[in-house]
Amino acid sequence: MVRLFIFYLSLFGFLILPASESIVVSQTGQFKNSRQTFAAWPWPVALPSDSSPEIKAAADRLSKALKNPLAVIQTDQNPVCALWLEVGLWKPNPSTPGYVILIQPGGGQIIASDLKQLEKAISRLNQLKRIRNGKTELPIGVITSYPTISES
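To keep things clear, this report deals only with the structure shown in the data block. (Residues numbered from 1 in each chain as written. Predicted model: local features only at pLDDT ≥ 70, side-chain atom pairs only at ≥ 80, totals over all residues. Heavy atoms only, no water.)

1. Quick notes on the pairing of strand E9 (residues 135-139)
Note the cut-off: In this scheme, a residue with accessible area under 20% of its type's maximum is buried, one over 50% is exposed, and one in between is partly exposed, where area comes from a 1.4 Å probe on protein chains only. Secondary structure elements are taken from DSSP: a helix is a run of H or I of four residues or more, a strand is a run of E of two residues or more, and numbering for both begins at the N terminus. In short, DSSP must find at least two bridges between two strands for them to pair.
Counting buried residues along E9, four of its five residues qualify, which places the element largely inside the surrounding structure. As defined by bridge partners, strand E2 (residues 38-40) adjoins E9 across three bridges and the pair is classed as antiparallel. Within E9, the residue paired with Ala-40 across the bridge is Glu-137. In terms of strand pairing, strand E8 (residues 130-132) meets E9 through three bridges, oriented antiparallel. Each residue of the ladder has a partner; that of Ile-131, found in E9, is Thr-136.

2. Considering the sheet that holds E2
Note the threshold: Orientation is described by axes fitted as lines to C-alpha atoms, over the contacting stretch for helices, and by angles from 0 to 180 degrees between their N-to-C directions.
One open sheet holds the three strands; their spatial order is E2-E9-E8, and the pairing between them is antiparallel. The sheet is open, and its two edges are formed by E2 and E8, each paired on a single side. Mean inter-strand twist for the sheet, computed between neighbouring axes without regard to direction, equals 40 degrees.

3. Description of the side chain of Gln-117
What counts is decided by this rule: By definition in these notes, contact holds between two residues if any of their heavy atoms fall within 4.5 Å.
For Gln-117, the position within the fold is in helix H3 (residues 115-128). When its relative accessible area of 6% is taken as the criterion, Gln-117 is described as buried. Among all residues touching Gln-117, those that are not within four sequence positions of it are Pro-97, Gly-98, Tyr-99, Ala-112 and Ser-145.

4. A closer look at the environment of Ile-131
Checked against the element boundaries, Ile-131 lands in strand E8. Taking the C-alpha atoms as reference points, Ile-131 and Lys-67, 64 residues apart in sequence, are found 9.4 Å from one another. For Ile-131, the residues in contact, after removing those within four places along its chain, are Lys-67 and Thr-136.

5. Section: helix H2 (residues 53-65)
In an α-helix, one turn spans 3.6 residues, which is why side chains three or four residues apart end up on the same side. Note the threshold: To estimate the expected span of a helix, subtract one from its residue number and multiply by 1.5 Å.
An ideal rise of 1.5 Å per residue puts 18 Å on 13 residues; H2 measures up with 18 Å between its terminal C-alpha atoms. On its buried face, H2 is in contact with strand E3 (45-48), strand E5 (83-87), strand E7 (107-112) and H3. One or two residues past the end of H2 sits Lys-67, with phi positive at roughly 55 degrees.

So yeah, pure geometry; function would need other evidence.
So this is what it looks like as structure tokens:
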């Protein structure tokens, strides 16, 4: 009887309690679900050590836009607890220039095909951020300029 009660209580919890959902923002700029989840963003911006001065300047602008007091980090690999920038490391041919932003509570990544797309990604992320109690929050999920195929 106790097991049956626990089973139904668990089932009720799964069916009634809202689940955390990720968001996808497409080229139209529209959220594809109505419940957006945001996370406080204390993490620095990081980029590869061999990044160009233009990419470094874009990283500095992003860090300021996020109101992050930490310095931009240049390192040989993604430090994980950061917003990692990758520019031009993936260029299929033929291809369409674009960007993908992946934000999770413990870190994120921006992958851009070129500097122009990085600037667009930074602008889009700046539009979607919110300030709550003086702290920057970013939407959890995927933001992209590419068409989306499916969501799970």
